[in-house]
Amino acid sequence: VGHCHPDIVKAAHEQNQLLNTNSRYLHDNLVDYAERLSKTLPEKLCIFYFLNSGSEANDLALRLARQYTKHEDVIVLDHAYHGHLTSLIDISPYKFRNLEGQKEWVHVAPVPDTYRGLYREDHKDPVTAYATEVKNIIEQAHERGRKIAAFFVESLPSVGGQIIPPAGYFQKVAEHVHKAGGVFIADEIQVGFGRVGKHFWAFQLQGEDFIPDIVTMGKPIGNGHPLACVATTKEIAEAFAATGVEYFNTFGGNPVSCAIGLAVLDVIEKEHLQAHATEVGNFLMKLLKEQKIKHPIIGDVR
């Protein structure tokens, strides 16, 4: 919502003067914030875990998926980046290819890029073709006795080149993943919070009938303050709680962070930032597409 936005600075300052503690102590800000976030998401995503960074959020999402499915393996897209913890470097081809390489429990699917990918705009059904690649990966993993815990994907691959997956791709992939006993994790850390304009979450570009099992948030959520979140279903959260190992985070969900998170949502709403993103985005795309007509060197506009 902009560098040092006065509303955010004020919310942080005011809460800092009152109390800051960890989430073992009850505080209205945490509940109010979870409630506000829940209004932006499909109803079944109703359990929230608060953390300090997108990397922490994605690491927890991985733990939730594995605990719920009792499986280990993860499918990711090529060129993906999901964070800087060891667990996330392992599922980030963008990083692991230059480090220790691919672990046996990680499977890499092609990016559903209809401009430069395997199946392009001239293909009769690129959505099914890309989803079938994931299905094939699952079948090959099963042949080796491995089981899929999650398909882990940025709702709009950003490091991979600002690729907007063709509508319907997530639905088809989710079908294959669920059939294999896995869950669908949508990483919204770089692309959520109204940034795509038309919708509050980038996964909603796929259509109203698509709902991920887990959604992770970070980056813009705190406008520069360390804040992140994992939203999931009751079933997944209950399987996680059933271990008896309590989830605890010293700073995650503290009153100051939640006051800031609430203020960010207020500003997005008050200043109509989602509509602004749509308007400015469309304006910019229009001008760039005009340049594309003039200059053959411009292949695609994103």
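About the thresholds
Residues numbered from 1 in each chain as written. Predicted model: local features only at pLDDT ≥ 70, side-chain atom pairs only at ≥ 80, totals over all residues. Heavy atoms only, no water. UniProt positions renumbered as here; feature names shortened; annotations may be inferred. Salt bridge = Lys/Arg side-chain N within 4 Å of Asp/Glu carboxyl O. Helix = DSSP H or I, 4+ residues; strand = E, 2+ residues; numbered from the N terminus. Axes fitted to C-alpha atoms, helices over the stretch in contact; angles between N-to-C directions. Left-handed = near helix turned anticlockwise from the far one by under 90°. Contact = heavy atoms within 4.5 Å. Nonpolar A, V, L, I, M, F, W, Y, C, P; charged D, E, K, R; others polar. Pairing = 2+ DSSP bridges. Buried < 20%, exposed > 50% of the residue type's maximum accessible area, 1.4 Å probe, protein only. Polar contact = N/O pair within 3.5 Å; in protein donor to acceptor, adjacent residues only side chain to side chain. Parallel < 35°, antiparallel > 145°, perpendicular 65-115°, else oblique.

As recorded in an unreviewed UniProt entry, the chain goes by AT2L2 lyase and comes from Chionis minor. Word for word, the UniProt comment on the chain under Cofactor (unreviewed entry) is "pyridoxal 5'-phosphate". Per UniProt, the comment on the chain under Sequence similarities (unreviewed entry) is "Belongs to the class-III pyridoxal-phosphate-dependent aminotransferase family."

Student: Is there a simple way to think about the pattern of salt bridges in this case?
Tutor: Under the counting rule described, the total for this entry stands at 15 salt bridges. The residue lysine 10 makes a salt bridge to glutamate 14 at a minimum N-O spacing of 3.4 Å. One end of the pair, lysine 10, and the other, glutamate 14, are both in helix H1 (residues 6-18), four residues apart, so they sit about a helical turn from each other. Taken together, the shared-partner salt bridges in this structure form one network comprising Glu72, Asp73, Glu104 and Arg146.

Student: What is the right way to read the packing of helix H2 (residues 28-38) against helix H9 (residues 255-270) from this model?
Tutor: The N-to-C vectors of H2 and H9 enclose an angle of 35 degrees; their axes lie 8 Å apart at closest approach. The handedness of the crossing between H2 and H9 is left-handed. Of the residues in H9, those touching H2 at Asn29, Leu30, Asp32, Tyr33, Arg36 and Leu37 are Pro255, Cys258, Ala259, Gly261, Leu262, Leu265, Asp266 and Glu269. Residue composition of the contact of H2 with H9, grouped by class: eight nonpolar, two polar and four charged.

Student: Any chance you could explain the sheet that holds strand S2 (residues 73-77) here in plain terms?
Tutor: Hydrogen bonding along the main chain pairs the strands of a sheet, whether they run parallel or antiparallel. Taken in spatial order, the seven strands line up as S1-S7-S6-S5-S4-S2-S3 in an open sheet, and their pairing is mixed. The open sheet terminates on both sides in strands that have one partner only, identified here as strand S1 (47-51) and strand S3 (106-109). Neighbour to neighbour, the strand axes of the sheet diverge by 20 degrees on average, direction disregarded. As paired strands, strand S4 (residues 148-154) and strand S5 (residues 183-187) are joined by five bridges and run parallel to one another. Residue pairing across strands places glutamate 154 opposite aspartate 187, the latter belonging to S5. Docked against the sheet, H2 engages S1, strand S6 (214-217) and strand S7 (228-232), running at close to 120 degrees with respect to S1.

Student: Explanation requested: the side chain of serine 155 in the structure shown.
Tutor: For serine 155, the location among the structural elements is in the loop between S4 and helix H7 (169-179). Residue class for serine 155 comes out buried when judged on its relative accessible area of 3%. Within polar-contact distance, the side chain of serine 155 engages the side chain of glutamate 188 at 2.6 Å.

Student: What is the right way to look at the packing of H1 against H9 in this model?
Tutor: Two quantities define a packed helix pair, namely the angle between the axes and the distance from one axis to the other. Between H1 and H9, whose axes approach to 8 Å, the crossing angle comes to 155 degrees. Considering the angle they form, H1 stands roughly antiparallel to H9. Helix-helix and strand crossings are classified by hand; for H1 and H9 the assignment is right-handed. Across the interface between the two elements, Asp7, Ile8, Ala11, Ala12, Gln15 and Asn16 of H1 pack against Pro255, Val256, Ala259, Ile260, Ala263, Val264, Val267 and Lys270 of H9. Along the lines of polarity and charge, the residues of the contact of H1 with H9 split into 10 nonpolar, two polar and two charged.

Student: Sorry, what's going on with the pairing of S7 here?
Tutor: Look at any regular strand and the pattern is simple: side chains alternate between the two faces of the sheet. In terms of burial, S7 is largely enclosed, as five of its five residues are buried. Residues of S7 alternate between two faces, with Ala228, Val230 and Thr232 on one and Cys229 and Ala231 on the opposite face, all of them buried. For S1 and S7, the ladder comprises five bridges, and the chain directions are antiparallel. Within the sheet, the bridge partner assigned to isoleucine 47 lies in S7 and is threonine 232. Alignment of S6 against S7, held across four bridges, turns out to be antiparallel.

Student: Is there a simple way to think about unusual backbone geometry in this case?
Tutor: Leave glycine aside and you will find that most residues have negative phi; peptide bonds, for their part, are mostly trans. Phi at histidine 79 takes a positive value of approximately 70 degrees, unusual for a residue other than glycine. Within the element layout of this structure, histidine 79 appears in the loop between S2 and helix H4 (86-89). Phi at lysine 219 is positive, roughly 45 degrees, even though this residue is not glycine. As for its position among the elements, lysine 219 is in the loop between S6 and S7.

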